[in-house]
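# Geometric and topological summary
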Amino acid sequence: MVTAAALIMAAVFASFLFTTEPITKAIGFSFSAGVLIDAFVVRLTLVPAAMAIIGAKIWHHPRWYDRYIPTRTSKARSSTKGSPNERPSR
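My aim in this report is to walk through the structure given alongside it, one point at a time. Please read these numbers as outputs of a predicted model, since none were measured by experiment.

To continue, consider the overall build of the protein. The helix and strand inventory of the protein stands at two helices and zero strands. A total of 90 residues make up the protein; the buried ones form 8% of that total. Looking at the protein as shown, the accessible area adds up to about 8400 Å², and 65% of this sits on carbon and sulfur atoms.

Below, the structure written as C-alpha cells:
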C-alpha cells in the first residue's frame with residue numbers, strides 16, 4: 001500500500017518535469033526522488049531492519065498506559081460446556 005501510494009505520488013511529481021519552468025522541474029524531480037527514497041529505502045529496508053534489531057522491546061509501553069489498552073484473553077471453548085454466552089457457575 002505504501003509502495004503503490006509512493007509510485008502514484010512520484011508519477012505526479014515527475015509530471016512536473018514536463019513544464020518549461022526550471023524551478024518547477026527541480027521541485028518535481030526533488031519531490032519525486034524524495035518520495036521514492038522514503039518509500040523504498042526507508043520504509044521497506046531500514047524500518048524493518050531496525051525493528052528486527054530492536055526485537056520485542058519495540059512494542060514496549062509504560063505500565064501507566066496499560067489502563068488504556070484492552071486486555072485480550074483467549075480461552076479454549078470446549079463443546080461439553082454449553083453455549084458460549086452462558087455465565088459460568090461459581
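A separate point is helix α1 (residues 2-14). Taking 1.5 Å as the rise per residue, α1 with 13 residues should run 18 Å; its terminal C-alpha atoms sit 18 Å apart, in good agreement. When α1 is considered as a whole, its buried residues turn out to be Ala-6, Ala-10 and Phe-13. Relative to the axis of α1, the buried residues are bounded by an arc of 65° and lie together on one face. Contact partners of the buried residues in α1: α2 (22-54).

The sharpest bend along α2 reaches about 40° and sits at Val-42. Along α2, the positions that sit buried rather than exposed are Gly-28, Ser-32, Val-35 and Ala-39. Structurally, α2 contributes buried residues whose contacts are with α1. Following α2 by one or two positions, Gly-55 has its phi on the positive side, about 80°.

Before going further, it helps to examine the pattern of salt bridges. Overall, the coordinates contain one salt bridge when judged by the stated rule. Between Arg-43 and Asp-38 there is a salt bridge whose closest N-O contact spans 3.0 Å. On the basis of relative accessibility, which here comes to 45%, the residue Arg-43 falls in the partly exposed class. Residue class for Asp-38 comes out partly exposed when judged on its relative accessible area of 30%.

Criteria and thresholds
Residues numbered from 1 in each chain as written. Predicted model: local features only at pLDDT ≥ 70, side-chain atom pairs only at ≥ 80, totals over all residues. Heavy atoms only, no water. Helix = DSSP H or I, 4+ residues; strand = E, 2+ residues; numbered from the N terminus. Buried < 20%, exposed > 50% of the residue type's maximum accessible area, 1.4 Å probe, protein only. Areas by Shrake-Rupley, 256 points an atom, 1.4 Å probe, with all protein chains shown as cover. Expected span 1.5 Å × (residues − 1). Arc of directions from axis to C-beta. Contact = heavy atoms within 4.5 Å. Bend = angle between axes of the 7 residues up to and from the residue. Salt bridge = Lys/Arg side-chain N within 4 Å of Asp/Glu carboxyl O.

So, to be careful, I would describe these as geometric facts and stop short of saying anything about function.
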